[in-house]
Structure formats: C-alpha cells, structure tokens
Amino acid sequence: MQEVLYSIFMVTGAVFMCIAGLGILRMPDLFMRLSAATKASTLGVGFLLLAVAVKYPVIEIISRSLAIIVFVVLTAPIAAHMIGRAAYLSGIPLWKDSIVDRLCDRYDRCNLLLLGGENSPTSPERQDPE
Amino acid sequence: MNMQGLTLIIVVSLLSLAFVFAFIRMVCGPSLPDRVVALDLMSTVAIGIIGIYAIATGEPVFLDVAIILALVAFLGTIAFSYYLIRISHRENAEER
C-alpha cells in the first residue's frame, strides 16, 4: 500500500517536471515560458518530496521534506516575479500574437516607477493643491 | 524486474528529459532572462532528482543537499534579476 502510494507520487511529480521542461522548450515567449516552468515545476517538486515523506515515515524526514516544499512554494513565485519584472523592464518583446499589454504606457522606464502608483512623482494625489 | 525498479527507471528518465529540455533552452535561449529561467528550472529538477536518489539508495540524508540547493538557486535567481534591472536602468539612463 505504501509502495503503491509513493510510486504514484513519484510518477506524477516526474510527469509534471517533464511538462515543465516541454513548456520551457516549446512556448513562444519568455513570459509564457516563465509561467509554464514555474507552476509545473513547483507542483512536480512538491509531489516528488511528498513521495520521499511517504517512503520514510519518520518525523525528521517528514519535517525536512515539508520544509523543502514550503520553501519552494514560498520562493518560486518571488523569483518568477523578479525575473519577469526585470525582463519586461529590459525590453524583452512579447509574442507577436499577444493581444493585451496592460503595463505598456504605465511604466516610467527611466526611473523604474509605476505611473499613477502611490510612489510616482506624477501621482494625482501629490499634485493636488492643498 | 520488480515494480519499484521499473518505476524508478521511468521517473529518472522523465526527469532527465526535463533536464535536457531546460538545457537546450539554456544553450539556445535568445536572451539572458530565458537562460536565467532555464537555469532556475534546472535547479528545481535537480532538487527532484536528489529526492529520487534519496529514495533509490535508501539514504534520506541527501535531503539536506536538496535544502541547500533550493536556497542557493533562489539566491542566484534573485541576484540575476537585480543584475538585469541594473543593466536596463543604466542603458535607459544613457539613452536619456
């Protein structure tokens, strides 16, 4: 029963990892590649470490694998956000069939500020004469 | 061949396939952020391979290596993105 359970977890995690690799190889755009790779690889590594926790049901191994899962789930979106922001600011082009780019006119690329945001110098709240 | 050996062969071949895909993207990626994303995916796949290796050899001590690798991969990605932002900021300042 335990062997069947962790075999299922291992195969599921490896299939999600392979989907992530396929996504990073075949997607047409940096941002789509980033999305596919981050989400699928987070789920895949979660399943693989869950298989380790099922294989060795001791408290120290379970705590270690749960710590790795929590760490990966916390840090993977942060890393993906930072890379996506840096790539957008350095002018990586979107896919030619992309239909919406909401940040197109709203970023001040010289000062790295979001126009209309609360830190912006041209924010309407700061221009109000008191 | 028993059931667990077959499962391990399937799982390791799928993970190696994902590693090879990410490596191809890292070699022929058109820009620097593509390579950084591929490197991030490669380190995540390496964490999974270390977990499978801990199952296959019966020594769960290798999970410590996976913890360290997760930490180092996150710090490397953050450092690369700061570097990219710094470069684009400087190029925009030179254009202005």
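Owing to the predicted nature of the structure, the values given are computational and were not obtained by experimental measurement.

Colleague: Sorry, what's going on with the UniProt feature "transmembrane region" (unreviewed entry) in chain A here?
Modeller: Residue and element names in this part refer to chain A. Taking the numbering used here, the UniProt-annotated feature "transmembrane region" (unreviewed entry) corresponds to residues 6–25, 37–59 and 65–88. Between the first and last C-alpha atoms of residues 37–59 the distance is 31 Å; the span itself is 87% helix and 0% strand. As annotated, residues 65–88 comprises 100% helix and 0% strand, and the C-alpha atoms at either end are separated by 34 Å.

Colleague: Looking at this structure, I do not really get the interface of chain B and chain A. What am I missing?
Modeller: When the parts come together, some accessible area is lost, and that loss is often what is quoted as the size of the interface. Counting from both sides, the interface comprises 49 residues of chain B and, opposite them, 48 residues of chain A. Each partner contributes to the roughly 4300 Å² buried at the junction of chain B and chain A, and carbon and sulfur atoms together form 79% of this total. Put simply, chain B and chain A have two salt bridges between them. For Arg-64 of chain A, the salt bridge identified is with Asp-64 of chain B, shortest N-O distance 3.5 Å. Inspection of the chain B/chain A interface yields six residue pairs in polar contact (both at pLDDT 80 or more). Elements with a contribution of two residues or more to the side of chain B that touches chain A: α1 (3–28), α2 (32–57) and α3 (63–95) of chain B. In terms of residue count, α3 of chain B provides more of the side of chain B that touches chain A than any other element does, 16 residues in total. Classifying every residue of the side of chain B that touches chain A by side-chain character gives 31 nonpolar, twelve polar and six charged.

Colleague: Would you mind showing me how to read the packing of aromatic side chains here?
Modeller: The geometry of two aromatic rings is summed up by the distance between their centres and the angle between their planes. For the structure on display, the rule yields five aromatic pairs over all chains. On the numbers, 6.1 Å between centres and 5° between planes, the contact of Phe-16 of chain A with Phe-47 of chain A is stacked. You can see Phe-16 of chain A sitting in helix α1 (residues 2–26) and its partner Phe-47 of chain A sitting in helix α2 (residues 30–55), a full 31 residues away along the chain. The partly exposed category is assigned to Phe-16 of chain A, whose relative accessible area is 26%. Taking the relative accessible area as the measure of exposure, Phe-47 of chain A reaches 21% and is therefore partly exposed. Pairing Phe-71 of chain A with Phe-74 of chain B gives two aromatic rings, centres 6.3 Å apart and planes at 85°, and the pair type is edge-to-face. With Phe-71 of chain A in helix α3 (residues 59–89) and Phe-74 of chain B in helix α3, the pair connects residues from two separate chains.

Colleague: Any chance you could explain a nonpolar patch on the surface here in plain terms?
Modeller: Side chains of Ile-67, Ile-68, Leu-71, Val-72 and Leu-75 of chain B sit close together on the surface and give an oily, nonpolar patch of about 430 Å² of accessible area. Its location among the elements puts Leu-75 of chain B in helix α3.

Colleague: Sorry, what's going on with α3 of chain A here?
Modeller: One turn of the α-helix equals 3.6 residues, which is why residues spaced by three or four share an orientation. Across its 31 residues, α3 of chain A extends 45 Å between first and last C-alpha, which sits within 8% of the 45 Å expected from 1.5 Å per residue. After α3 of chain A finishes, the residue Gly-91 of chain A shows a positive phi value of roughly 85°.

Colleague: Can you help me understand the confidence of the model for chain B in this one?
Modeller: The predicted coordinates should not be examined in detail at positions where pLDDT is low. Residues and elements named next belong to chain B. Residues with a pLDDT of 70 or more make up 98% of chain B, whose mean pLDDT is 90. By mean pLDDT, the top-scoring element of chain B is α2 (93), and the lowest-scoring one is α3 (88). At the level of chain-chain contacts, confidence expressed as ipTM amounts to 0.89, with global pTM at 0.86.

How each quantity is defined
Residues numbered from 1 in each chain as written. Chains lettered and ligands numbered in written order. Predicted model: local features only at pLDDT ≥ 70, side-chain atom pairs only at ≥ 80, totals over all residues. Heavy atoms only, no water. UniProt positions renumbered as here; feature names shortened; annotations may be inferred. Helix = DSSP H or I, 4+ residues; strand = E, 2+ residues; numbered from the N terminus. Contact = heavy atoms within 4.5 Å. Buried area = accessible area lost by both parts, 1.4 Å probe. Salt bridge = Lys/Arg side-chain N within 4 Å of Asp/Glu carboxyl O. Polar contact = N/O pair within 3.5 Å; in protein donor to acceptor, adjacent residues only side chain to side chain. Nonpolar A, V, L, I, M, F, W, Y, C, P; charged D, E, K, R; others polar. Phe/Tyr/Trp six-rings, centres within 6.5 Å; stacked < 30°, edge-to-face > 60°. Buried < 20%, exposed > 50% of the residue type's maximum accessible area, 1.4 Å probe, protein only. Patch = residues over 30% accessible without salt bridge, like charges linked within 9 Å, V, L, I, M, F, W, Y side chains within 5 Å. Areas by Shrake-Rupley, 256 points an atom, 1.4 Å probe, with all protein chains shown as cover. Expected span 1.5 Å × (residues − 1). pLDDT = per-residue confidence, 0-100.

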